[in-house]
Amino acid sequence: MKSIIYTRISTDDEKQNIRQQKEHCKKYADKEGYKVLHMVSDKCSGKIPIKERSGGARLLKLLVLNPGVHLIVQDIDRISRDFYDAVEFEKFILKNNVMIKSLSETVDLSNPMGKFTFRIKMAMNAFYVENLHEKIKVGVARAKAEGKYKGRKKGALGKKKEI
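Quick caveat: nothing in here was measured; it's all calculated off a predicted structure.

The rules behind each value
Every chain is numbered independently, its residues counted from 1 as its sequence is written. Given that this is a predicted model, residues contribute local features only at a pLDDT of at least 70 and side-chain atom pairs are listed and counted only at 80 or more, while totals for whole chains, interfaces and linings are drawn from all residues. Hydrogens and water molecules were not included; the side-chain quantities draw on all heavy atoms of the structure. Working definition: helices are DSSP H or I runs of at least four residues, strands are E runs of at least two. Numbering for both runs from the N terminus. Residue exposure (1.4 Å probe, protein chains only): buried if accessible area is under 20% of the type maximum, exposed if over 50%, otherwise partly exposed. In what follows, residue pairs with any heavy atoms lying within 4.5 Å of each other are defined as contacts. Helices are assigned an expected span. That span is 1.5 Å times one less than the residue count. Polar contacts, as used here, are pairs of N or O atoms within 3.5 Å; protein pairs need one atom able to donate a hydrogen and one able to accept it. Residues neighboring in sequence count only if both atoms are side-chain atoms.

Trainee: Now, about the overall build of the protein: what can you tell me, with residues and values included?
Mentor: Assigned secondary structure in the protein consists of four helices and four strands. Helices and strands appear in the protein in the N-to-C order β-α-β-α-β-α-β-α. Expressed as a percentage of the 163 residues in the protein, the buried residues total 37%. At a minimum sequence separation of 6, the contacts of the protein that also span at least 24 residues come to 73%.

This is the structure:
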């Protein structure tokens, strides 16, 4: 079976870095007898549509060029944390006969229940991000009111690097 591994991190200080994700996915692929054709990575927010990420755009091209390939990810939220982007990705996957293998949850888009489960998981990912941003706003407002907030360090939001 042919496979492509996709990994993504948002920041350098994430607990699971690109190398760890690649190693985990590669170990799984080897154990299950997959031939890994490509490993594609991104370092950017999961809120950015996959087609707008350098690695994501490359991944989409590779999936089109390799129909029937298995896409291996450590967690489905590596693909997207934007619900509408995830819906577009689901359509793309189905159109191009790609199978998704997430190492942390079952993804089966071949039946209505699998599609429903995928959509619920993607909606939960989007909710997580939106809820986190609300918590950050509340925390910043509180810190400002207490005179403790000094703003971000210069360059903290520097240009996002792509891997």
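Trainee: Please give an account of helix α3 (residues 83–95) that cites residues and values.
Mentor: Three- or four-residue spacings in an α-helix give side chains the same orientation, since the helix completes a turn every 3.6 residues. With 13 residues, α3 extends 18 Å from end C-alpha to end C-alpha; this agrees with the ideal 18 Å at 1.5 Å per step. You can read the cap of α3 off the contacts: a side-chain oxygen lies 3.2 Å from the backbone nitrogen of Tyr 84, and it is on Asp 82. Once α3 ends, the next one or two residues include Asn 97, with phi positive near 55°.

Trainee: Explain the environment of Ala 86 to me, and be specific about the residues and the numbers.
Mentor: Assignment of secondary structure puts Ala 86 in helix α3. Under the relative-accessibility criterion, Ala 86 is labelled buried at 2%. For the pair Ala 86 and Ala 123, spaced 37 residues apart in sequence, the C-alpha to C-alpha distance is 8.7 Å. Discounting chain neighbours no more than four positions away, the residues touching Ala 86 are Ser 80, Phe 118 and Met 122.

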